[in-house]
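Read off the chains here:
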Amino acid sequence: MKAAAALLALVSAAIATPLSLYDNTQLPLGDLQLPTSYPGFDLDLSAPRLVQIDGQDEPVVMTELEKIQAKVRGIRFFDVTETPDLGSRAHLRVAKKPSYPAPNHTEAVRSVIDTLEIQNLRDGLDKFTSYRTRYYRSETGKQSQQWLLGKITEITKKFAPKALQDAISIQEFPHSWAQSSIIVRINGSSTDDSVVVIGAHLDSTNNWPFLPAPGADDDGSGSMSILEAYRGLVAAGFQPERAVEFHWYSAEEGGLLGSQAVARAYEGRGVNVAAMSQYDMTAWVKRGTKEQVGIITDFVDPDLTEYNKKLVELYLDIPWVETKCGYACSDHASWGKAGYPSVFTIEATFQDSNHGNIHTANDRYDVSDEFSFSHMLEFSKLAVSFAIELGGWKKAD
């Protein structure tokens, strides 16, 4: 952790210096040399981007290098280069907010929860973290996304009954960079045109993007937590009354790029998103702290957040604790920006989450026994309950 902190300080110092002062291969960092390119990367550090900085009214233009600098320094932002009009219709949705009835599918939820398996989380994360990085502008970032797409397809074919398979679509959502987002839809059986969305982000990053980034916790953990929830649901023959979608977003680490693009597409088509829940970092239980689910209370929908608390109380083996990010800290914020109700749960209070390892080569599941697969499974349970309680399910006798 001391090495990670030292690297962070060095990166911050290095990227504060204009790129033009260096050649196009190396950035000096004291005794270190950080690469400004790497095989398989398509990242132009001088490319201009339009960035909306937290707390500022108007977006500003900065380079990719300056974006990296801002991220390392803790400056929070949306990269709005490709989605400057996201939220233009938000006022219409805010005026028609959905209501959330009390949870009433207890038997169905518990029957699926009982089938969830920790070994599936281990196996999936082992493969997902084997790529050097899942950075969205890298070849291995694309390869990891393609593996995940294939794994989702394999799970669907292996576990979903044939009739349910016909109601499921699995699609890549392409972007201007190589790594796609993934959207899996289980069609609803009723005439209700609304949709419930469960999300995580599939990319990873190092503080200096060209360096390794296994991304076990951020956000391999959330990606695998919702994947196991999906497996459990389809294996049980889950046919929701209201459509339920599982999303894995690209380029969250680049400024919520992937989720903004998806939310903008839904906004443009007038899709009625009834609820969205984000799972970003679900594995870390800091030594000496109580195991809890962190319920984010800022930059979220308050009514849906209260509903999420009820699900934790009903279906999880651990309690919830309120916490704040202090900024729009994951992909739920893209949906909130578009006026859709969204919530975010995290592994602990924000201050007790895995700050020491994320965005470094040490974001691995074997770095500490504080990384807990059983904790990840609690979030799988939450995703199952969110899908069934809000999607509905009239099980056949």
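Right above here is the structure, for reference.
For clarity, every value in this text was computed on a predicted model and none was experimentally measured. (Residues numbered from 1 in each chain as written. Predicted model: local features only at pLDDT ≥ 70, side-chain atom pairs only at ≥ 80, totals over all residues. Heavy atoms only, no water.)

A. Region of the structure containing the sheet that holds strand S5 (residues 77–79). Taken together, the three strands give an open sheet; going across it, the order is S4-S3-S5, and neighbouring strands pair in antiparallel fashion. One side of each edge strand has no neighbouring strand; the edge strands of this open sheet are strand S4 (60–63) and S5. Averaged over neighbouring strand pairs, the angle between their axes works out to 45° when direction is ignored. Alignment of strand S3 (residues 48–53) against S5, held across three bridges, turns out to be antiparallel. By the bridge assignment for S5, Val51 is matched with Asp79. The strands touched by helix H2 (residues 64–72) are S3, S4 and S5; relative to S4, the strand with the most contacts, the crossing angle is about 100°. (Pairing = 2+ DSSP bridges. Helix = DSSP H or I, 4+ residues; strand = E, 2+ residues; numbered from the N terminus. Axes fitted to C-alpha atoms, helices over the stretch in contact; angles between N-to-C directions. Contact = heavy atoms within 4.5 Å.)

B. A look at the state of the cysteines. Applying the stated criterion across every chain, the model contains one disulfide. Each disulfide pairs two cysteine sulfurs, and for Cys325 the partner residue is Cys329, the sulfurs being separated by 2.0 Å. Classification of the bridge connecting Cys325 and Cys329 rests on its S-S torsion, roughly 65°, and on that basis the disulfide is right-handed. Residue Cys325 is classed as buried on the basis of its relative accessible area of 8%. (Disulfide = S-S within 2.5 Å. Buried < 20%, exposed > 50% of the residue type's maximum accessible area, 1.4 Å probe, protein only.)

C. Up close: the pattern of salt bridges. Applying the stated criterion across every chain, the model contains 23 salt bridges. For the salt bridge of Asp301 with Lys97, the shortest nitrogen-to-oxygen distance reads 2.9 Å. Remark: Lys97 occurs in the loop between helix H3 (90–94) and helix H4 (106–113) and Asp301 occurs in the loop between strand S11 (293–296) and helix H10 (302–315); sequence separation between them is 204 residues. Exposure remark for Asp301: the relative accessible area of 10% places this residue in the buried category. You can call Lys97 partly exposed: its relative accessible area is 38%. Of the charged contacts, one joins Arg364 and Asp366 as a salt bridge, the two residues approaching to 2.7 Å between their closest N and O atoms. Take Asp366: its relative accessible area is 52%, and that puts it in the exposed class. Linked through salt bridges whose partners overlap, the residues forming this network are Arg49, Glu64, Lys67, Asp79 and Arg137. (Salt bridge = Lys/Arg side-chain N within 4 Å of Asp/Glu carboxyl O.)

Keep in mind these values describe shape, not function.
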